[in-house]
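Reading the structure
Each chain, written out:
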Amino acid sequence: MTPSNFGHLAKRAAKRVAKRGATTSSTTVQPNTDEKPARPGQPSGANLTSKSGANKSAAEKSSLPPGLYVVATPIGNLGDISQRAIDTLRCVDVVACEDTRVTGVLLQRFAIATPMTPYHDHNADRVRPAIMARMKAGEAVALVSDAGTPLISDPGYKLVRDCAEAGIPAIPLPGPSALLAALAVAALPTDRVLFNGFLPPKSGARREALMAIKSLRATLVFYESPRRLAECLADMSAVLGDREAAMCRELTKLHEEVRRGTLATLAAAYASEQTPKGEVVLVVAGAAGEQAAADDAAIDRLLREAFATMSLRDAAATVALALNQPRREVYARALALAKE
Ligand code: SAM
């Protein structure tokens, strides 16, 4: 399929829709039907640079089945957007985005004329019912964030949850995420990973949050503001001990930097350097054997949480697995806690 075939095939698809009397409620029409049928959200290639791409035709509009298309967008380098993301953003009825100015630049760059509607932390509860209503009426809605993958420390979870409850398909269009980009270059194990999003900004709460995950044998990933980087690394070093870590900054951008070292050396370096610019992900090695064995407080806390939804036996098994602890010991601890 050549890129220029897309508009032509989309028009053919729309003609078929018109013939059948179906409009936006169709769930079967796909834009590339002369090849093997595409799954929802799999439009074929589109011509990125043609001017006609900017004038969305009725054919393109009706070429996607209704649903929520969760579209990842670049975290810096625009070349990281996928062909499928471009095609989908062009074909949906509306793009729900955090900031129309930010997404507007992206859409303009790829000559996409789809209308946008703001969906962010401050209006989500008010706007969500209207977006749901549009999909229930047969529209295809794309959800994007300012950069990266929606829902990953970004809005979207409740919209996807409401779609699941209403039986509306949510279709992932995977792509860039700072989480995965950092993991890909941190040089730390990736077989078990805990994504923590942003730590609390104040030191006390931050140290408490770190204590709770100290004993986990999983590589830890954090998003962090460069303004808090030095103090955050100092707290990490104090609470987690001397572990390997990687500071990943401005990934995929001009000033991309990956700095590896122990938490102590990184903390010392940033304590004496100017605050770095840009966006930062911290990747930190998981607990080593002795550390993992030591933290009874974490076992107790997880057991108490697990008791809320599980039997004592299941809670013990789950926590033992999560913390990589001997099951018999965690079970004994669970019995003791249950008697308290
Ligand atoms: N949803 C996004 C994703 O999938 O990566 C993350 C959104 S979150 C609001 C923004 C944070 O992601 C930044 O504060 C930074 O920690 C991280 N981030 C985003 N882009 C980055 C980049 N190019 N390099 C390093 N970190 C980045």
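Residues numbered from 1 in each chain as written. Predicted model: local features only at pLDDT ≥ 70, side-chain atom pairs only at ≥ 80, totals over all residues.

1. Some words on the sheet that holds strand β2 (residues 94-97)
- Read across the open sheet, the 5 strands follow the order β3-β2-β4-β1-β5; overall the sheet is parallel. Edge positions in the sheet fall to β3 (116-118) and β5 (170-173), since each has one partner strand and no second. Each strand axis lies, on average, 25 degrees off the axis of its neighbour in the sheet, ignoring direction.
- Alignment of β2 against strand β4 (residues 140-144), held across 4 bridges, turns out to be parallel. Each residue of the ladder has a partner; that of Cys-97, found in β4, is Val-144.
- Its contacts with the sheet place helix α4 (residues 100-109) against β2, β3 and β4, and it is angled at close to 155 degrees to β3.
- Contacts from helix α5 (residues 124-136) reach β1 (67-71), β2 and β4 within the one sheet, and its direction differs from that of β4 by about 140 degrees. (Pairing = 2+ DSSP bridges. Helix = DSSP H or I, 4+ residues; strand = E, 2+ residues; numbered from the N terminus. Axes fitted to C-alpha atoms, helices over the stretch in contact; angles between N-to-C directions. Contact = placed C-beta atoms within 7 Å.)

2. Describing unusual backbone geometry
- At Leu-151, a position not held by glycine, the phi torsion is positive, near 80 degrees.
- Owing to 18 C-beta atoms within 10 Å, Leu-151 belongs among the partly exposed residues under this scheme.
- Although it is not a glycine, Thr-252 sits at a positive phi angle of roughly 70 degrees. (Buried ≥ 20, exposed ≤ 12 C-beta atoms within 10 Å, placed from the backbone.)

3. Section: the site of the ligand
- Taken together, the neighbourhood of the ligand is formed by 23 residues, with Gly-148, Ser-177, Ala-178, Tyr-223 and Glu-279 sitting nearest.
- Taken together, the elements giving at least two residues each to the shell around the ligand come down to α7 (178-185), β7 (219-224), β8 (244-249) and β10 (280-284).
- When its residues are assigned to classes, the shell around the ligand shows 10 nonpolar, 7 polar and 6 charged.
- Lining the shell around the ligand are residues from two domains, each supplying at least three of them: domain 1 (5-176) and domain 2 (179-186 + 196-212 + 219-286). (Near = placed C-beta within 6 Å. Nonpolar A, V, L, I, M, F, W, Y, C, P; charged D, E, K, R; others polar. Domains from an automatic or database assignment.)

4. Things to note about the packing of helix α12 (residues 296-307) against helix α14 (residues 327-339)
- The contact between α12 and α14 brings their axes to 10 Å, and the two run at 65 degrees. Between α12 and α14, the angle is such that the two are roughly perpendicular. Regarding α12 and α14, the two cross each other, and that crossing is right-handed. Contacts between α12 and α14 pair Ile-299, Asp-300, Leu-303 and Arg-304 from the former with Val-330, Arg-333, Ala-334 and Leu-337 from the latter.
- Taken together, the residues that form the contact of α12 with α14 break down as 5 nonpolar, no polar and 3 charged. (Parallel < 35°, antiparallel > 145°, perpendicular 65-115°, else oblique. Left-handed = near helix turned anticlockwise from the far one by under 90°.)

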